[in-house]
Amino acid sequence: MSDQMIPARKPPKQSVGLLVWSKNNLFASLPSTVATVLIVYGLYLLLPPVVQWGLLDATWWGSDGTACTTEGACWAFVTARLDQFIYGFYPQDHQWRANVFFFQLVLLIGWLTIKATPGKKWVLGYALLLMPLVSWWLLYGGLGLKIVATHQWGGLMLTLLLALCGMVASLPFGILLALGRRSNMPVIRALSTAYIEMWRGVPLITVLFMASVMLPLFVPEQVVFDKLLRALIGIVMFQAAYMAEVVRGGLQAIPKGQFEAFGSLGLSYWQGMVLIILPQAMKLVIPGVVNTFIALFKDTSLVLVIGLFDLLAIVQAGLNDPAWLGFAVEGYLFAGFVFWAFCYGMSKYSQRLEQQLHQGR
Amino acid sequence: MIDYLDEPCLQKPLSQTLEQKASSLIDIRGLNKWYGQFHVLRDIDLQIHKGEKVVICGPSGSGKSTLIRCINCLEEHQQGSIVVDGTRLTNDLDNIETIRREVGMVFQQFNLFPHLTILENCTLAPIWVRKQAKKEAEKVAMEYLERVQIPDQAHKYPGQLSGGQQQRVAIARSLCMNPEVMLFDEPTSALDPEMIKEVLDVMIELAREGMTMLCVTHEMGFARTVADRVIFMDEGQIIEQAPPAEFFDNPRSERTRQFLGQVLNH
């Protein structure tokens, strides 16, 4: 027994130099050293040729395939067709409208992601309620703007449009389905379950075919649904089913006590769901929701099968141009890179969101 | 399931409500409840008057938690009637919400809302259910937080508080709704021994101020100090009820003596 309490001391110094770090982590044992050496040698073999081909020997500009050498990549294929890759067949003198749409998008996303900006509630309200209408007016036309039919839309613009509308619409729809599947009311529960199981069990391609080929057979001839709109509805219906199951996972993780607590305070079902349960559940399912968003973003390229030219489809179409034969690698690399960049951005944003929403537990 | 009349929650409100004693804040008659085949509550009759403090004790599985959870319809009962402050508990959602507004509940596991601050936890129901202005609700919440002695934690999240502090917030959160009666479902069972006292102190203070309280607890010292009546339950029945002095010193049933012997002598 000692009479004196031991005072708190500082922890021992942990910082180590590069040399010590690499000794501890890269060359700790013989197998570790061998692995490190092999991997570095592998990178030495792989990286220089890739850099040589992709950057140093590459041709960046040119008007047709003859401008390119055989040694390096032919990015000229991409730069020359960049307009088409971004806007599809949107008329050149109206491309400013698409630019305004892009600018609006960047501004909104920036506004919502950067922490210090004021009035987030209003901006979010605009993004969800007004922006779809404004964007439709901008891109489609009417009210003073020349109409550009949707079959002229394409490229990255179409990809972003499909993905964004799909995400924004499928999330609330999915939440309602998830609540429905957990409802006490048997009819609602059965309908939600049937919906989810039906749409989840069908390939997206089938849904898109149905939407574009079969649907017109069932509605009267006078009713003309826009093809893009039909594809969009198909995508939303399909993704909502996936979203519902992700959200349901989150709902099930909320302890029963939370439901009892809001109930015992006299809050109604909807008040409790919106104020108590969903905020907690949605925080838990951010990784799952973003996973679904990323899958959705990439699935939009399937609209190719019903004759809509998204980014990938338009790159593919460009490969058949007689002036640019044989640049498939560059084309696919470019398309892949753009898809990756957007998906990685979403992933990063979701990680930051998770950190921001973390409240000490 | 076919015989709907057997389910009191589905019965229409009866005029019988008026006949029941006006002085009883809670009036339970002929209450029966089953979990599947298991008969949890058997012919419970219980009247609680305004301002009365009642402690319910009994071995685990005796149905005491289930009983108080029936009072605000967290559990549905199958037979009998429960009337709270003149409102009969039926399947009608409006009635359930009316009763829940008047009945505060404190849980064993606190059940604070982890994504809201302490202050927001307390103001949520007054704002959304009582339609109070935010300023007003915050003022009232701060008063109650002061009474449970944690006003300085108002802007923290529940996860940053100790168990005892969380339970005191849970009490304040219920009080903010200005309930007619408070139900406590083993409020100190999940707490470390050091923190039990701070929660009991708040409850004793509340009892002194005249709040009607119905409390399931194993804290026999608390029962002795505060209760007007102690109820002993076993196997879904009320075995014995008496004022604490009589209950502890002179229990009538053998089962009660056995139980008291187990909880008091260790």
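Right, let's walk through the structure included here. (Residues numbered from 1 in each chain as written. Chains lettered and ligands numbered in written order. Predicted model: local features only at pLDDT ≥ 70, side-chain atom pairs only at ≥ 80, totals over all residues. Heavy atoms only, no water.)

### Digging into the overall build of chain A
- The helix and strand tally for chain A stands at 15 helices and one strand.
- For chain A, the spread of C-alpha atoms along the three principal axes comes to 90 × 65 × 40 Å.
- Buried positions account for 40% of the 361 residues belonging to chain A.
- Sequence-distant contacts, at least 24 apart, represent 66% of the contacts inside chain A between residues at least 6 apart.
- Here chain A has roughly 21200 Å² of accessible surface; of this, 71% comes from carbon and sulfur atoms.
- On chain A, the mean spot of the 23 positive side-chain charges and the mean spot of the 16 negative ones are 17 Å from each other. (Helix = DSSP H or I, 4+ residues; strand = E, 2+ residues; numbered from the N terminus. Buried < 20%, exposed > 50% of the residue type's maximum accessible area, 1.4 Å probe, protein only. Contact = heavy atoms within 4.5 Å. Areas by Shrake-Rupley, 256 points an atom, 1.4 Å probe, with all protein chains shown as cover. Lys, Arg positive; Asp, Glu negative; His and termini not counted. Charge placed at Lys NZ, Arg CZ, Asp CG, Glu CD.)

### Section: the interface of chain B and chain A
- On the chain A side, the residues contacting the 25 residues of chain B number 20 residues.
- In this assembly, chain B packs against chain A so that about 1900 Å² is buried in total across both faces, 63% of it on carbon and sulfur atoms.
- Area buried by chain B at its contact with chain A is led by Phe113(B), Pro114(B) and His115(B), which between them contribute 27% of it.
- One can count one salt bridge joining chain B with chain A.
- Residue Glu260(A) pairs with Arg69(B) through a salt bridge whose shortest N-O separation is 2.6 Å. (Buried area = accessible area lost by both parts, 1.4 Å probe. Salt bridge = Lys/Arg side-chain N within 4 Å of Asp/Glu carboxyl O.)

### Brief notes about the pattern of salt bridges
Residue and element names in this part refer to chain B.
- This model, assessed by the stated rule, comprises 23 salt bridges over all chains.
- Of the charged contacts, one joins Arg69 and Glu75 as a salt bridge, the two residues approaching to 3.1 Å between their closest N and O atoms. An identical accessibility class is assigned to Arg69 and Glu75; each is buried.
- In this structure, the salt-bridge partner of Arg255 is Asp234, at a minimum N-O distance of 2.5 Å. You can see Arg255 sitting in helix H10 (residues 254–264) and its partner Asp234 sitting in strand S9 (residues 229–234), a full 21 residues away along the chain.

### Points about the nonpolar core
- Counting residues in hydrophobic clusters, the biggest one holds 123 residues, and the most contacted among them are Trp153(A), Ile28(B) and Leu67(B).
- In terms of residues, this core owes the most to one element, helix H7 (residues 155–181) of chain A, which gives twelve residues.
- If sequence neighbours within four positions are ignored, Leu67(B) has contacts with Ile28(B), Leu31(B), Leu41(B), Ile44(B), Leu46(B), Ile56(B) and Met233(B).
- Formed by 49 residues, the second largest nonpolar core is a distinct cluster that contains Val140(B), Met203(B), Ile204(B) and Met211(B). (Core = buried A, V, L, I, M, F, W, Y, C linked by side-chain atoms within 4.5 Å.)

### A short note on the sheet that holds strand S6 (residues 103–106) of chain B
Residues and elements named next belong to chain B.
- Pairing in this open sheet of six strands is mixed, and the strands run S6-S7-S8-S3-S9-S10 from one edge to the other. On the outer flanks of this sheet lie S6 and strand S10 (237–242), each paired with one strand and no other. Neighbour-to-neighbour, the strand axes of the sheet open up by a mean angle of 20 degrees, direction not taken into account.
- Summarising the sheet, strand S3 (residues 53–57) and strand S8 (residues 212–216) pair through four bridges and their orientation is parallel. Pairing of Val55 across the sheet is with Cys215, part of S8. (Pairing = 2+ DSSP bridges. Axes fitted to C-alpha atoms, helices over the stretch in contact; angles between N-to-C directions.)

### Quick look at the packing of aromatic side chains
- Throughout the structure, instances matching the rule amount to 24 aromatic pairs over all chains.
- Both rings, one in Phe247(B) and one in Phe248(B), keep their centres 5.3 Å apart while their planes meet at 90 degrees; by these two values the pair is edge-to-face.
- When its relative accessible area of 8% is taken as the criterion, Phe248(B) is described as buried.
- Within the aromatic cluster, the residues linked to one another by ring pairs are Phe77(A), Phe85(A), Trp324(A), Phe327(A) and Phe334(A).
- The residue whose ring lies beneath Arg173(B) is Phe113(B), and the NZ or CZ to ring-centre distance is 4.5 Å. (Phe/Tyr/Trp six-rings, centres within 6.5 Å; stacked < 30°, edge-to-face > 60°. Lys NZ or Arg CZ within 6 Å of the ring centre and 35° of its normal.)

### Considering the packing of helix H5 (residues 95–113) of chain A against helix H6 (residues 120–140) of chain A
Residues and elements named next belong to chain A.
- The geometry of H5 relative to H6 is characterised by a closest axis approach of 11 Å and an angle of 170 degrees between their N-to-C directions. Here H6 runs roughly antiparallel to H5, going by the angle between their axes. Of the residues in H6, those in contact with Arg97, Ala98, Val100, Phe101, Gln104, Leu105, Leu108, Trp111 and Leu112 of H5 are Lys120, Val123, Leu124, Tyr126, Ala127, Met131, Val134, Ser135, Trp137, Leu138, Leu139 and Tyr140.
- Considered class by class, the residues forming the contact of H5 with H6 number 17 nonpolar, two polar and two charged. (Parallel < 35°, antiparallel > 145°, perpendicular 65-115°, else oblique. Nonpolar A, V, L, I, M, F, W, Y, C, P; charged D, E, K, R; others polar.)

### Considerations on the pairing of strand S1 (residues 24–35) of chain B
All names here are of chain B.
- Pairing between S1 and strand S2 (residues 38–49): eight bridges, direction antiparallel. Paired with Lys33 across the two strands is Leu41, which belongs to S2.
- Connecting S1 to the antiparallel partner S2 that follows it, the hairpin turn spans two residues, and Gly36 within it adopts a positive phi of roughly 60 degrees.
- Relative to strand S4 (residues 79–84), S1 runs antiparallel, the two sharing five bridges. Its bridge partner being in S4, Ile28 is matched across the sheet by Ile82.

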